[in-house]
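# Descriptive analysis of the structure
So the chains spell out like this:
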Amino acid sequence: MSQDVNNIKPSYPLFRDDEYKSNLARKLDSFEERHPKEKIDEVFEWTTTEEYQKLNFEREALTVNPAKACQPLGAVLCALGFSKTMPYVHGSQGCVAYFRTYFNRHFKEPVSCVSDSMTEDAAVFGGQKNMFDGLENAKALYKPDMIAVSTTCMAEVIGDDLNAFINNSKKEGHVPQEYPVPFAHTPSFVGSHVTGWDNMFEGIARYFTLNTMEDKVVGSNKKLNLVPGFETYLGNYRVVKRMLADMGVDAQLLSDPSEVLDTPADGQFRMYSGGTTMDEIKDAPNAFDTILLQPWQLEKTKKYVQNTWKHEVPKLNIPMGLEWTDEFLMKVSEITGQPISEELAKERGRLVDMMTDSHTWMHGKRFALYGDADFAMGMTKFLLELGAEPTDVLVNHANKRWKKAMEAILADSPYGQNTTVHTGKDLWHFRSLMFTNKPDFMIGNSYGKFIQRDTVTKGKQFEVPLIRIGFPIFDRHHLHRSTTLGYEGAMQILTTLVNNVLERLDEETRGMGTTDYNYDLIR
Ligand code: SF4
């Protein structure tokens, strides 16, 4: 063997050793019954053509790499943002294992979430018994102050009634009558992770405020509510708090998992840490107003906050890039009467300076991107501000109104004239576009690495490098700590984009004696 206990190699480069190469070749010949290499190459080439793209876009009954996740996954993230809260998923254990691993791999943190493990009998007779035991055990074992319940497809397909089950659990004494168990139905066969976040938030807000509105007076606590939506950049929670603190605004983030998803390694395991308290959510209707940081994904929340809390909920976009951060801060100032601080004005100036410095490199660069509706819109808007040209913007789960709004933003900019907006499409569609439209870069989550691999397999000149911004990011470390919102977020995004452009230019111009006339020290 080519390794022993003193010389242990990881799979790469181990499998490049001769003995593994011949073993793998033997396995391929004897057992895999593969098509001949020429045939595989021929089909691969065909999948990169316009002809294939046309067929691919006519596909109706199949989704390949959907560029979205399950509703309950979003519900779990929302619940994690509340103090001493245990996310509880009524349904299959396998689904919940997937949610936990998704977050583990992205945040590199343990993520607490329980399931009541419905199996065949529950699928036939209903899952009430699972919920009786599950709520009682979760409370006894993990001692949360609140259990926030969502559902997987199995519970939804058989029509389990969470309201009745939770009430019956309380009536039968499995959990005390007054113990908080907000809930949301989160069927994954509609919507996505962002819908699940929205549903869970509305469920929590409803639980704590629906029947206690008599003594609430809008503006009486002199605070401003901020609802983040499905937000996986921890820096975004921090930057929003910092900007508002800078302005002397008393703001409360309603759902803030930035502590529990970033606990220090100091020898103490924290199942719960930080988060919005029950008192804060109960008091939320007394705020001046509620700002939704990702409005396209928070429709149910918006309706509830407007109808029940009687908040205006200003019409704003995600505060990404220059103009939309300006609009956000000006609206905060207008609502609270607090001026925009000198420090923030200076920070804005620095961003403008950076944009000017990098303009030469960003101007005319072509980017394709995919992700959630608000992120994709904010990212596109910032690209346009930088003079870059989006080629394709793909969002799996966005509605017609979003598409129209996105197209209006593009139409308004000279750099958005050749952009196509795709909704209801998946990453296999996106792969086709990378071959036929050949942007300079793609922006998206880790799944794009396989598309990059495919493009470079066709030939180096066809390669579309991936810039990792989005969720999930499994294959790079610590990016979830970054910031994408506010001026600070714009600075970080710009730094990432322009340095990817320069890295690529270096790569293309380091040919000794051929292209290195442009392999410059100073860019
Ligand atoms: S789609 Fe439904 S069944 Fe599948 S993992 Fe998501 S919640 Fe579970």
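Placed above this text is the structure.
Described below are features of the structure shown in this document.

Conventions and cut-offs
In this numbering scheme, every chain counts its residues from 1 along its sequence in written order. Reporting in this predicted model follows two pLDDT cut-offs: at least 70 for local features of residues, and 80 or more for side-chain atom pairs to be given and counted; totals over whole chains, interfaces and linings ignore these cut-offs and use all residues. Side-chain measures were taken over the full set of non-hydrogen atoms in the model, leaving aside hydrogen atoms and water. What counts as a helix is a DSSP run of H or I of at least four residues, what counts as a strand is a run of E of at least two, and both are numbered from the N terminus. Note that the radius of gyration is over C-alpha atoms, with the globule rule given as 2.2 Å times the number of residues to the power 0.38. To sort residues, take the accessible area from a 1.4 Å probe on protein chains only and compare it with the maximum for the residue type: under 20% means buried, over 50% means exposed, and anything in between is partly exposed. Only the protein chains shown count as cover for residues, and all accessible areas are computed by the Shrake-Rupley method using a 1.4 Å probe. A single heavy atom is enough: if one lies within 4 Å of a molecule or strand, its residue is considered near that molecule or strand. Under this grouping Gly is polar, as are all residues other than the nonpolar Ala, Val, Leu, Ile, Met, Phe, Trp, Tyr, Cys and Pro and the charged Asp, Glu, Lys and Arg. Patch membership needs two things, relative accessible area over 30% and no salt bridge, and members are linked within 9 Å if like-charged or within 5 Å if nonpolar (Val, Leu, Ile, Met, Phe, Trp, Tyr). Any carboxyl oxygen of Asp or Glu that lies within 4 Å of a side-chain nitrogen of Lys or Arg is treated as forming a salt bridge with it. Fitted lines through C-alpha atoms serve as axes, helices being fitted only where they are in contact, and the angles separating the N-to-C directions of these axes extend from 0 to 180 degrees. Note that the term roughly parallel is reserved for angles under 35 degrees, roughly antiparallel for angles over 145, roughly perpendicular for angles of 65 to 115, and oblique for everything else. In this scheme the crossing of two helices becomes right-handed for a clockwise turn of the near helix relative to the far one and left-handed for an anticlockwise turn of less than a right angle. Any two residues whose heavy atoms approach within 4.5 Å at even a single point are treated as in contact. Note: two strands are recorded as paired if DSSP finds a minimum of 2 bridges between them. Expected span of a helix: the number of residues minus one, times 1.5 Å. Residues belong to a common nonpolar core when they are buried Ala, Val, Leu, Ile, Met, Phe, Trp, Tyr or Cys residues joined through side-chain atoms within 4.5 Å. By convention, a stacked pair of Phe, Tyr or Trp rings (six-membered ring in the case of Trp) has centres within 6.5 Å and planes under 30 degrees apart, an edge-to-face pair has planes over 60 apart, and any other such pair is tilted. Note on criteria: charge over ring means Lys NZ or Arg CZ within 6 Å of the ring centre, with the direction from the centre no more than 35 degrees off the ring normal. Crossover handedness is defined here as right-handed if the route from the first strand over the helix to the second strand goes clockwise, with the strands pointing away from the viewer.

## Let's talk about the overall build of the protein
A tally of helices and strands in the protein yields 21 helices and 11 strands. For 523 residues, the compact-globule formula gives about 24 Å, and the C-alpha radius of gyration of the protein, at 25 Å, lands near that figure. Oriented by its inertia axes, the alpha-carbon framework of the protein measures out at about 75 × 60 × 50 Å. Counting only residues that meet the buried cut, the protein has 52% of its 523 residues in that class. For the protein, the exposed area adds up to about 24,300 Å²; of that, 53% sits on carbon and sulfur atoms.

## Notes on the site of the ligand
Cys70, Pro72, Cys95, Tyr98, Thr152, Cys153 and Ser188 make up every residue found near the ligand. Grouping the amino acids of the shell around the ligand by side-chain chemistry returns five nonpolar, two polar and no charged.

## Some details on a nonpolar patch on the surface
Together, Val157, Ile158, Phe189 and Val190 make up an exposed nonpolar region whose accessible area comes to about 380 Å². Along the polypeptide, Ile158 turns up in the loop between helix 9 (153–157) and helix 10 (162–171). Given a relative accessible area of 33%, Ile158 falls into the partly exposed group.

## Description of the packing of helix 5 (residues 71–80) against helix 6 (residues 93–107)
In contact at an axis separation of 10 Å, helix 5 and helix 6 are set at 60 degrees when each is read in the N-to-C sense. By the angle between their axes, helix 5 is oblique relative to helix 6. Crossing handedness for the pair helix 5 and helix 6: right-handed. Contacts from Pro72, Leu73, Val76 and Leu77 in helix 5 reach Tyr98, Phe99, Tyr102 and Phe103 in helix 6. Classifying every residue of the contact of helix 5 with helix 6 by side-chain character gives eight nonpolar, no polar and no charged.

## Focus on the sheet that holds strand 5 (residues 251–253)
Spatially, the three strands line up as an open sheet ordered 5-4-6, and their pairing is parallel. In this open sheet, the two edge strands, each paired with only one partner strand, are strand 5 and strand 6 (289–292). Taken over all neighbouring pairs, the strand axes of this sheet differ in orientation by 25 degrees on average, direction set aside. With four bridges connecting them, strand 4 (residues 224–227) and strand 6 associate as parallel partners. Paired with Leu226 across the two strands is Ile291, which belongs to strand 6.

## Points about helix 11 (residues 193–209)
If you check helix 11, its first and last C-alpha atoms are 24 Å apart, about what 17 residues at 1.5 Å a residue would give, namely 24 Å. Among the 17 residues in helix 11, 14 count as buried, and that is most of the element.

## Thoughts on the pattern of salt bridges
Enumeration over the complete set of coordinates arrives at 35 salt bridges. Lys458 is paired through a salt bridge with Glu45; the nearest N and O atoms lie 3.0 Å apart. Here Glu45 lies in helix 3 (residues 37–46) and Lys458 lies in helix 20 (residues 448–458), a separation of 413 residues in the sequence. According to the relative accessible area criterion, Lys458 is partly exposed, its value standing at 23%. Residue class for Glu45 comes out partly exposed when judged on its relative accessible area of 34%. A salt bridge links Asp475 to Arg476; the shortest N-O distance between them is 3.6 Å. The partly exposed category is assigned to Arg476, whose relative accessible area is 40%.

## Topic: the nonpolar core
Taken as a class, soluble globular proteins show a tendency for nonpolar side chains to be buried jointly. Membership of the largest hydrophobic core comes to 103 residues, with the highest contact counts inside it found for Phe328, Phe367, Met379, Trp402, Ile443 and Leu497. One finds Tyr88, Ile166, Val175 and Tyr272 within the second-largest nonpolar core, a separate group that totals 15 residues.

## Remarks on the packing of aromatic side chains
Scanning the entire structure with this criterion turns up 17 aromatic pairs. Seen in terms of ring centroids, Tyr98 and Phe99 are 5.1 Å apart; in terms of plane orientation they differ by 55 degrees. Their pairing is tilted. For Tyr98, a relative accessible area of 27% translates into the label partly exposed. Judged by relative accessible area, Phe99 falls into the buried class, the value being 1%. Each residue in the set Tyr98, Phe99, Tyr102, Phe103, Phe107, Phe230, Tyr447, Phe471 and Phe474 is aromatic and connected to the rest through ring pairs, giving one cluster. Lys139 extends its terminal NZ or CZ atom over the ring of Tyr179, reaching a point 5.1 Å from the ring centre. Looking at Lys458, its charged tip hangs above the ring of Phe462, at a distance of 4.8 Å from the centre.

## Regarding the pairing of strand 10 (residues 441–444)
With burial as the criterion, each face of strand 10 is covered, one bearing Phe441 and Ile443 and the other bearing Met442 and Gly444. Across three bridges, strand 7 (residues 366–370) lies against strand 10 in parallel orientation. From the neighbouring strand, Ala368 faces strand 10, where its bridge partner is Met442. Sheet topology note: the strand 10/strand 11 (residues 466–468) ladder contains three bridges and is parallel. Among the inter-strand pairings, Gly444 is bridged to a residue of strand 11, identified as Arg468. Each parallel crossover has a hand, and for strand 10 linked through helix 20 to strand 11 it is right-handed.

## Thoughts on the side chain of Ser358
Here Ser358 lies in helix 16 (residues 342–362). Residue class for Ser358 comes out buried when judged on its relative accessible area of 11%. Excluding anything up to four places from it in sequence, Ser358 contacts Leu494 and Val498.

## Some remarks on unusual backbone geometry
Cis geometry marks the peptide bond from Tyr12 to Pro13; its omega dihedral reads 20 degrees. Mapped onto the secondary structure, Pro13 falls in helix 1 (residues 11–14). Here the residue pair Phe471 and Pro472 is connected by a cis peptide bond, since its omega of 0 degrees sits within 30 degrees of zero. Structurally, Pro472 can be placed in the loop between strand 11 and helix 21 (486–508). Positive phi is not limited to glycine here, since Lys84 has a value of about 45 degrees. Along the chain, Lys84 turns up in the loop between helix 5 and strand 1 (85–90). One non-glycine residue, Lys310, adopts positive backbone phi at about 60 degrees. Within the secondary structure, Lys310 is located in the loop between helix 14 (299–307) and helix 15 (321–336).

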